[in-house]
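Each chain is listed here by its residues.
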Amino acid sequence: MLKMILTRTRMALLCLLPAVAAAQEAQTEKRIAELVNRMTLEEKAGQMTQITVEGILKRTKGEITEPYEVDPEKLKEAISRYKVGSILNVGGNAQSLRSWQKRITDIQQVALKERLAIPVLYGIDAIHGNNYCAESVLYPQQISMAASFNNDLVKKIAEATAYETRACFIPWTFSPVLDLGRNPSWPRLWEGYGEDPYLAARLGIATIAGYEGNGPSLNKYQVASCLKHFVGYSAPLSGHDRTPAWIPDRELREYYLPPFKAAIAQGAKTIMINSAEINGIPVHINKKILTDLLKNELQFKGLLVSDWQDIKYLFQRHHVASDHSEAIAMAINAGIDMSMVPDDFSFTTALIALVKKGKIPMARINDAVTRILRVKFYAGLFTNPVGNPDDYPLFAGPEHEQLSYTAATESITLLKNDQDILPLSTGKKILVAGPAASSMRALNGGWSRNWQGDNSDETEKDRNTILEALQERFGNNLQYLEGCGFESTGDLSALAEKAKEADLILLCLGENSYTENFGNIHDLTLPAPQLELASAAARTGKPVILVLAEGRPRVISSIEPLVSAVLLAYLPGNEGGNAIADIITGSINPSGKLPYTYPRHPNSLLPYYHKYTEGADVDPHGFSPQWEFGHGLSYTRFSYSNLQLSSKTLTANGRLRVSVDISNTGQRTGKETVLLYTSDLVASITPEVKRLRGYQKIALQPGERQTVTFEISPEQLSFIDATLRSVTEPGAFRVSIGGLQDEFHYQ
């Protein structure tokens, strides 16, 4: 009886939650409206201003000095005179937990002494963990997490990142990146979740849930997310960062919009805008995208923040405005709510003047300030502008470190394994060579303790590189060839000599750390010195195992036939060295799958969902990748059988269940990602060969069989037609899972 009463009580409380949340939201909106009505124009302009912390830090002879401390006079000028409402950035290199807590406390104490006591919204690029805090755990980058195909793991990492970010009293992270990685040349590909819209959307939802939870407001362990970079930023025609994209409206809605749309529906509260231009129009002044699409059609109620200095760049780079003042009017009227100025107060003073001249309506200002205050209330800053240091006992602890290791092991992808050369017994004599072998920069990439991640070898020196992890496992059976660089071969004669005593060569190649335009390249091929090193290794006659630590798929077609195995590490984070070593020695069975198509040629960069007319059966030089999206091997074997459809017909209000049996026919426990694709066989817009519609990651013991079931709705089969409507047309569809196929009709 007691159990029944408790159950009914719980159900009654759950029924009340939506009503309570609605009442809280209404009360908050009322408080926001009252606050906006009390604010002066100067206070409103300040709320729309975001400055970088470098401008308010103490300096000696003009240089910021460590530890980075706030200059009280500069801080007072920013907040008391210019009413600045948001601050971002670190000031240089990562700071300690205690330094962050003091910094945020100092800032909020000044803000709360102002007339309306509006707290500052502080934002940071917490990209793979709270990477600007010196002690925080660094996780694999987003592209690695995409390879895990593990929604739960992605959510847990977001929760841990939020926890360690909020421990610094920071309530806002400029993450996740939901830009679609269709162009492998783009230097920020590793910051996103790969080339597929469905995968990026599902992992984006998991990230938002981890950062923000599902409550009406954030708690002390959660942060507000920021979706980047709305929209189409990842599709520059040149492949270079912040250069023009040419995207038809239908393509924009079909491929680039869905991850953002899903994250907005999940409840994301802030969005950062694409720094570049689409079809000749900088997105920062594109009212059709910012207001008509994002705010009106998608009903986004949060704030839109510019990227770094992008309003100034409207006249400095894009040349669509004659000066800063005109640029501000264009951007704010288009829908920008907050300007990442970031170095001065010119935006604030110019904005005030523009409103007074009638060039920006007060209604637009009030809307922007309302959105900004809404985020501040949502983040809990009006009640808890700073935290309690004692509330974060798990900070940088073993639980978060283990999570980083698990994430690395689930993402690293085995692409080739001829004659099952991997895993290796620790009795094997191996020669390790290549620039990525002794580099923490190659494992972590950019946004690692500083912007470019170029100090990782120093800041992470207590972590295992690939070489150090292998030395722990192979001991005296390991040799190392020093002197190999990312752009230099090293001593090839020494390679040949050392190889005589080895059973095989483990070659660690890839990229050094970079981000944004520092990663622009003119050729997707792996640098020639690294290819030469691989060729020299093959000439020794010893088997070669290739480990790639890289942020994007660098072309290796000239050396792939020369190696016996290829292990793709992506950017696996601080535990990457240990994870790679444990996969090589077999204590971990690899389970990652490619989240993008790995190209064979620099000028053949098609995604897996290419058109039929781009296929090799039509064009002899068409789709012919090195490895296709979703490829990834295991140390065991999986077989697929018994594909079943619940019906041969799907109706408008129905659901089609698709099931398949997966068996582990090998000798090891392993994890398999089951990928469900559909193909629209006839459509009014040329259909893609196939599209991902579902995935599940499962674990199987040797000899175990499991049935995996998916549901397909008509909406999942939809596409954007010529009139820019989302439609599902009647006709035949094909389902594909693990090499098995069946067909059904939608009517």
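Residues numbered from 1 in each chain as written. Predicted model: local features only at pLDDT ≥ 70, side-chain atom pairs only at ≥ 80, totals over all residues. Heavy atoms only, no water.

A. The overall build of the protein chain, seen in detail. Along its length, the protein chain carries 21 helices and 28 strands. C-alpha extents for the protein chain along the principal axes are approximately 75 × 70 × 70 Å. Evaluated residue by residue, the protein chain yields a buried proportion of 61% over its 747 residues. Across the protein chain, contacts joining residues at least 24 apart in sequence account for 78% of those joining residues at least 6 apart. Carbon and sulfur atoms form 50% of the exposed surface of the protein chain, whose accessible area is close to 28,300 Å². For the protein chain, the distance from the average site of its 75 positive side-chain charges to the average site of its 82 negative ones is 6 Å. (Helix = DSSP H or I, 4+ residues; strand = E, 2+ residues; numbered from the N terminus. Buried < 20%, exposed > 50% of the residue type's maximum accessible area, 1.4 Å probe, protein only. Contact = heavy atoms within 4.5 Å. Areas by Shrake-Rupley, 256 points an atom, 1.4 Å probe, with all protein chains shown as cover. Lys, Arg positive; Asp, Glu negative; His and termini not counted. Charge placed at Lys NZ, Arg CZ, Asp CG, Glu CD.)

B. Highlighting empty space enclosed by the protein. All chains considered together, the criterion is met by five cavities of 30 Å³ or more. If you trace the largest cavity, you find 17 residues lining it, with Asp 680, Pro 687, Glu 688, Arg 693 and Phe 719 closest to the centre. If you tally residues by element for the lining of the largest cavity, the top one is strand β22 (residues 670–680), at three residues. Taken together, the residues that form the lining of the largest cavity break down as six nonpolar, four polar and seven charged. Along its surface, the second largest cavity is lined by 15 residues, and Ile 127, Gln 142, Ile 157, Tyr 193 and Tyr 211 are the ones closest to its centre. Where the lining of the second largest cavity is concerned, the elements lending two or more residues are α5 (142–148), α6 (151–166) and α7 (197–212). Looking at which element gives the most residues to the lining of the second largest cavity, the answer is α6, with four residues. (1 Å grid on protein atoms, 1.4 Å probe; cavity = no way out; pocket = protein on both sides within 12 Å on 5 of 7 lines; lining within 4 Å. Points joined across faces, edges and corners; volume = space filled by probe spheres on them. Nonpolar A, V, L, I, M, F, W, Y, C, P; charged D, E, K, R; others polar.)

C. Seen up close, the sheet that holds strand β7 (residues 226–230). The three strands are arranged β7-β8-β11 in an open sheet whose pairing can be described as parallel. Two strands bound the open sheet, and with one partner strand each, they are β7 and β11 (303–305). For this sheet, the mean angle separating the axes of adjacent strands, direction not counted, is 30°. Bridge analysis of strand β8 (residues 270–273) against β11 gives three bridges, and the strand direction is parallel. Bridge assignment links Ile 271 to a residue of β11, and that residue is Leu 304. (Pairing = 2+ DSSP bridges. Axes fitted to C-alpha atoms, helices over the stretch in contact; angles between N-to-C directions.)

D. Structural context of the pairing of strand β16 (residues 504–510). Buried residues dominate β16, accounting for seven of its seven residues. Residues of β16 alternate between two faces, with Leu 504, Leu 506, Cys 508 and Gly 510 on one and Ile 505, Leu 507 and Leu 509 on the opposite face, all of them buried. Of the strand pairs in this sheet, strand β14 (residues 430–433) and β16 are connected by four bridges, and their pairing is parallel. Its bridge partner being in β16, Val 432 is matched across the sheet by Leu 506. Inspection of the sheet shows β16 paired to strand β17 (residues 544–549) by six bridges, in the parallel sense. Across the sheet, residue Leu 507 finds its bridge partner in β17, namely Leu 546. Taken together, β16, helix α20 (residues 528–539) and β17 constitute a β-α-β crossover, and its handedness is right-handed. (Right-handed = clockwise from strand over helix to strand, strands pointing away.)

E. Focus on the side chain of Ser 275. With respect to the element layout, Ser 275 can be found in the loop between β8 and β9 (277–278). Given a relative accessible area of 6%, Ser 275 falls into the buried group. Among the polar contacts listed, one links the side chain of Ser 275 to the side chain of Asp 310, at a separation of 2.5 Å. For Ser 275, the contacting residues outside a window of four places in its chain are Tyr 233, Arg 242, His 284, Asp 307, Asp 310 and His 318. (Polar contact = N/O pair within 3.5 Å; in protein donor to acceptor, adjacent residues only side chain to side chain.)

F. Main features of the packing of aromatic side chains. Taken as a whole, this structure holds 23 aromatic pairs when the rule is applied. Ring centres of Phe 149 and Tyr 695 lie 5.4 Å apart, and the angle between their planes is 85°; this geometry places the pair in the edge-to-face category. With Phe 149 in the loop between α5 and α6 and Tyr 695 in strand β23 (residues 691–700), this residue pair connects regions lying 546 residues apart in the sequence. Look at Phe 149 and you get buried, because its relative accessible area is 2%. (Phe/Tyr/Trp six-rings, centres within 6.5 Å; stacked < 30°, edge-to-face > 60°.)

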